[in-house]
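Residue strings, one per chain:
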Amino acid sequence: LPTAILIGRPNVGKSALFNRLIRRREALVYNTPNDHVTRDIRDGVAKLGDLRFRVLDSAGLEAEATSGSVLGRTAAMTGEVLAKAQFVLFLIDARDGLQPMDLDVGKWLRIHASGIKIIVVMNKAELLDQFSGSLAAASGEAYTLGFGDPIALSAETGLGMTELHATLRPILEDYVLHVLKEEDLQDSGSLGDEEDDSKLPLQLAIVGRPNVGKSTLLNAILLENRVLVGPEAGLTRDSIRVQFQYEGRSVYLVDTAGWLERTKQDKGPSSLSIVQSRKHLMRAHVVALVLDAEEISKGRRSMKHAEVVIARRAVEEGRGLVVVVNKMDLLKGKQNAKMYERVINAVPEEIQTVIPQVTGIPVVFVSAIEGKGRLSVMRQVIDTYEKWCVRLPTARLNRWLRKVMSRHSWKDQSAQPKIKYFTQVKARPPTFVAFVSGKVELSDTDLRFLTKSLKEDFDLGGIPVRIMQRNVV
Ligand code: GDP
């Protein structure tokens, strides 16, 4: 489970929020022997709507800190605890306004929690008058901490928990618990009627070895888009986020700082390591892997080992993948015609070979330096994202299932598995469950056939699609 840690000066209501999040569940209290003091950290499973996450309450660390500075106290909290967390709920008191101690905590977090998502929570908001403007004023003040928009809530009354849920959901989307109910399986498609996820901001990672032209490509794309580049208020340079609007949607570039900074000093062939980490990939919805056409034309294979690794990993992690072959301008002219042809044919073939489980991964050939093909890159990225977000109504899937079952020539007729229902349980990436009667299991061949048909019939080529099976009586 992803882990949240509650941090804030004493008396802001960390334990109250902890208790509300874990409801009546059992909280584990364990000791972290550190230096020569023993501190307690409460550890529980939070339940917030359809979200589950682990939550750690640092309130126990306050015991010996009443006299000391909050910095000393939070600093005493082991780096280990913070390292476990995927996000921090940084609590302040809505009514008290920002106190010097809050600023200290903020400062400390900026140094020690860079790379961890920090959400400012203004607790005790029920004490503020929504209409007199005091809530707005307090929010404005909290915003100056530099961690984005604060959430006003009341751990005591439960006010604002929906807002907390709405903020956490995109962060935890891969951990949403899907409870399958009979009616979900038979309905006329409640999944399909839900809000259109593809309108949510797209998180794009542009990855590739140094010098393949990532920065140049990014600049070409941004050329005609309104850009917001630069550190957000108060964040370290590591957290530089680039955001732009493309055809009316927000696109965030993931880990841009990583390569913008690193590529300049680190031009070694193996320095793809930063983008290879799962953590970075998991933040992206779509990964654009940039290759260098000139290198391809010289080499025996189109993709270097590191590039194969990252392409595979992106797909295994369920991300959308778009391959961009850059520097096509270097293969212009008659003398290069053969080479040009070879690159255009070789890349898609090789990708198919190294990632056999996903057919039709889009490949775009561009010249970032001449600005050619940048629009196709964005078109493919958005197209991939929309497919990745698709939600297919159960009724439609089951009509499809009946057709497809009759189309398939099952090897052993007597042992033909009967799929009772077929339903999509999750989008981003599309994930389906086939409910199979009895104890029969679908073979790999059956699953491959189903996946292939699903992709063809619903135009889901190029993205990872998952089918799971469950037995029903
Ligand atoms: P990054 O390390 O992946 O961000 O690569 P850069 O964008 O810094 O580009 C590395 C080098 O390749 C620079 O000298 C660019 O001018 C050059 N470059 C980038 N794109 C192209 C392209 O489409 N054609 C050519 N010929 N050179 C390019």
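Residues numbered from 1 in each chain as written. Predicted model: local features only at pLDDT ≥ 70, side-chain atom pairs only at ≥ 80, totals over all residues.

Looking at the overall build of the chain
Across its full length, the chain holds 18 helices and 17 strands. Residues classed as buried in the chain amount to 35% of the 473 residues present. Of the contacts formed within the chain by residues at least 6 apart in sequence, a portion of 72% connects residues at least 24 apart. (Helix = DSSP H or I, 4+ residues; strand = E, 2+ residues; numbered from the N terminus. Buried ≥ 20, exposed ≤ 12 C-beta atoms within 10 Å, placed from the backbone. Contact = placed C-beta atoms within 7 Å.)

Quick notes on the environment of Leu 135
Note on placement: Leu 135 falls in helix H5 (residues 134-143). With 41 residues separating them in the primary sequence, Leu 135 and Ala 94 have C-alpha atoms 7.8 Å apart.

As for the site of the ligand
Surveying the vicinity of the ligand reveals 16 residues, the closest of which are Gly 213, Lys 214, Ser 215, Thr 216 and Ile 369. When residues in the shell around the ligand are grouped by element, the largest group, 3 residues, is from helix H9 (residues 214-222). Of the residues belonging to the shell around the ligand, the class tally is 5 nonpolar, 8 polar and 3 charged. (Near = placed C-beta within 6 Å. Nonpolar A, V, L, I, M, F, W, Y, C, P; charged D, E, K, R; others polar.)

A word on the pairing of strand S13 (residues 320-326)
Burial of S13 is extensive: 7 of the 7 residues sit out of reach of the surface. Covered by surrounding structure in S13 are Gly 320, Val 322, Val 324 and Asn 326 together with Leu 321, Val 323 and Val 325, the residues of both alternating faces. Strand direction decides the pairing type here: strand S12 (residues 286-292) and S13, joined by 7 bridges, are parallel. Note on S13: the bridge partner recorded for Val 290 is Val 324. (Pairing = 2+ DSSP bridges.)

What to know about the sheet that holds strand S17 (residues 466-472)
Judged by pairing direction, the sheet is mixed, and its 3 strands sit side by side in the order S15-S16-S17 without closing on themselves. In the strand order of this sheet, the two ends are held by strand S15 (419-426) and S17, each with one partner. Averaged over all pairs of adjacent strands, the angle between their axes in this sheet comes to 25 degrees, without regard to strand direction. Pairing geometry for S15 and strand S16 (residues 431-437), over 6 bridges, is antiparallel. Along S16, the bridge assignment pairs Phe 422 with Ala 434. (Axes fitted to C-alpha atoms, helices over the stretch in contact; angles between N-to-C directions.)

Digging into the nonpolar core
Core analysis: the largest hydrophobic core is formed by 64 residues, its most contacted members being Leu 204, Val 287, Ala 288, Leu 289, Val 323, Val 324 and Val 325. With 6 residues, the top contributor of residues to this core is S12. Split by domain, the residues of this core number at least three in each of domain 2 (184-194 + 391-472) and domain 3 (201-388). If we ignore the near neighbours within four places in the chain, the residues touching Val 323 are Leu 289, Leu 291, Val 347, Ile 351, Ile 361, Pro 362 and Val 363. (Core = buried A, V, L, I, M, F, W, Y, C linked by C-beta atoms within 7 Å. Domains from an automatic or database assignment.)

A look at the environment of Ile 5
Here Ile 5 is to be found in strand S1 (residues 3-7). With 84 residues separating them along the chain, Ile 5 and Leu 89 place their C-alpha atoms 6.1 Å apart. If near-sequence neighbours (up to four positions away) are discounted, Ile 5 is found in contact with Leu 56, Ser 58, Val 81, Leu 82, Ala 85 and Val 88.

Section: the pairing of strand S6 (residues 117-123)
In terms of burial, S6 is largely enclosed, as 5 of its 7 residues are buried. In terms of strand pairing, strand S5 (residues 87-93) meets S6 through 7 bridges, oriented parallel. When the bridges of S6 are listed, Leu 89 appears paired with Ile 119. Chirality of the crossover, the property in question, places the unit of S5, helix H4 (residues 100-112) and S6 among those that are right-handed. (Right-handed = clockwise from strand over helix to strand, strands pointing away.)

Some points on the confidence of the model for the chain
Summing up the model confidence of the chain, the mean pLDDT is 76 and the portion of residues at 70 or higher is 74%. The model gives residues 63-67 a pLDDT under 50, and that stretch makes 5 contacts with residues more than four places away or in other chains. Across residues 260-276, where pLDDT falls below 50, the model places 23 contacts with residues more than four positions away in sequence or in other chains. Scoring of the predicted complex yields 0.59 for pTM and 0.95 for ipTM. (pLDDT = per-residue confidence, 0-100.)

With respect to unusual backbone geometry
A cis amide bond links Arg 428 with the next residue in sequence, Pro 429, at an omega value of -5 degrees. Summarising the element assignment, Pro 429 is placed in the loop between S15 and S16. A positive phi angle is found at Asn 211, which is not glycine, with a value near 75 degrees. Its location among the elements puts Asn 211 in the loop between strand S8 (202-207) and H9. Overall, the presence of 14 C-beta atoms within 10 Å leaves Asn 211 in the partly exposed class. The phi dihedral of Asp 459 falls on the positive side, at around 55 degrees, and the residue is not glycine. When you line up the elements, Asp 459 lands in the loop between helix H18 (444-457) and S17.

Describing the environment of Ala 288
Topologically, Ala 288 is positioned in strand S12. Considering only alpha carbons, one finds Ala 288 and Gly 320, 32 residues apart in sequence, at a separation of 8.4 Å. Contact partners of Ala 288, with chain neighbours within four places excluded, come to Leu 204, Ala 205, Ile 206, Val 322, Val 324, Val 377 and Val 381.

With respect to the packing of H9 against helix H16 (residues 374-388)
At a minimum axis distance of 9 Å, the contact between H9 and H16 shows a crossing angle of 85 degrees. Here H9 is positioned roughly perpendicular relative to H16, judged by the angle of their axes. Contact residues: H9 offers Leu 217, Ala 220 and Ile 221, while H16 offers Arg 374, Val 377 and Met 378. When its residues are assigned to classes, the contact of H9 with H16 shows 5 nonpolar, no polar and 1 charged. (Parallel < 35°, antiparallel > 145°, perpendicular 65-115°, else oblique.)

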